[in-house]
Amino acid sequence: MILSHLSSQPQFKSLKRQECYEKYISLLSNKWQKAVAFVYIKDETLFIAVTHPGFKMELHYNKDLLKSLLIQLGKYDKACEMMQAEKVIIFHSKYYAMPQEKISYVTVPHYHERAKGNFETPQDKELKEKFERIKAIIACNQ
């Protein structure tokens, strides 16, 4: 309740806009979410910064889609009503937020040794040596 009251204050207007920008980016496909570094609106122009120059052309061909997505966001989310843009400008920026580190889990399973090493060794000298090494390895793993 306190946070919602503080965020409704005029001096924190930019926080609401930032929240709407994040919602807008989350509406994009996963591929485009990774491509977009940040967005902002200034003078009824939507500026989209991309992380790599290759994405610039791909998003350039989809300007109408990006603009319609912004209109739909304003229509369905009353908090983002103020986000309106007539033009879309896409540019490459080397300045963008660092991606959040994802937690990586160790996926290598560790199994307990089920073998006991109780088997007969053959009479052949070479095979007998190899079987003895295998028995020693099994003994070390227990």
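Peer 1: Would you mind going over the packing of helix 2 (residues 13-27) against helix 5 (residues 63-76) in detail, with residue names and values included?
Peer 2: Look at helix 2 against helix 5: their axes get within 10 Å of each other, and the N-to-C directions meet at 125°. As the angle between them shows, helix 2 and helix 5 are arranged oblique. Here helix 2 runs over helix 5; the crossing is right-handed. Taken together, the residues of helix 5 that come into contact with helix 2 (itself represented by Cys 20, Lys 23, Tyr 24 and Leu 27) are Leu 66, Leu 69, Leu 70 and Leu 73. When its residues are assigned to classes, the contact of helix 2 with helix 5 shows seven nonpolar, no polar and one charged.

Peer 1: Report on the state of the cysteines, specifying residues and quantitative values.
Peer 2: If you walk through the whole model with that rule in mind, you get one disulfide. A sulfur-sulfur separation of 2.1 Å characterises the disulfide bridge that pairs Cys 20 with Cys 80. Where Cys 20 bonds to Cys 80 through sulfur, the torsion about that S-S bond is close to -95°, and the disulfide is left-handed. Highlighted residues: Cys 20 in helix 2 and Cys 80 in the loop between helix 5 and strand 3 (87-92), separated in sequence by 60 residues. Side by side, Cys 20 and Cys 80 carry an identical accessibility label, which is buried.

Peer 1: Provide a residue-level description of the side chain of Ser 93, including the pertinent values.
Peer 2: If you trace the backbone, Ser 93 turns up in the loop between strand 3 and helix 6 (125-141). Contact partners of Ser 93, with chain neighbours within four places excluded, come to Phe 38, Ala 49, Val 50 and Thr 51.

About the cut-offs
- Residues numbered from 1 in each chain as written.
- Predicted model: local features only at pLDDT ≥ 70, side-chain atom pairs only at ≥ 80, totals over all residues.
- Heavy atoms only, no water.
- Axes fitted to C-alpha atoms, helices over the stretch in contact; angles between N-to-C directions.
- Helix = DSSP H or I, 4+ residues; strand = E, 2+ residues; numbered from the N terminus.
- Parallel < 35°, antiparallel > 145°, perpendicular 65-115°, else oblique.
- Left-handed = near helix turned anticlockwise from the far one by under 90°.
- Contact = heavy atoms within 4.5 Å.
- Nonpolar A, V, L, I, M, F, W, Y, C, P; charged D, E, K, R; others polar.
- Disulfide = S-S within 2.5 Å.
- Buried < 20%, exposed > 50% of the residue type's maximum accessible area, 1.4 Å probe, protein only.

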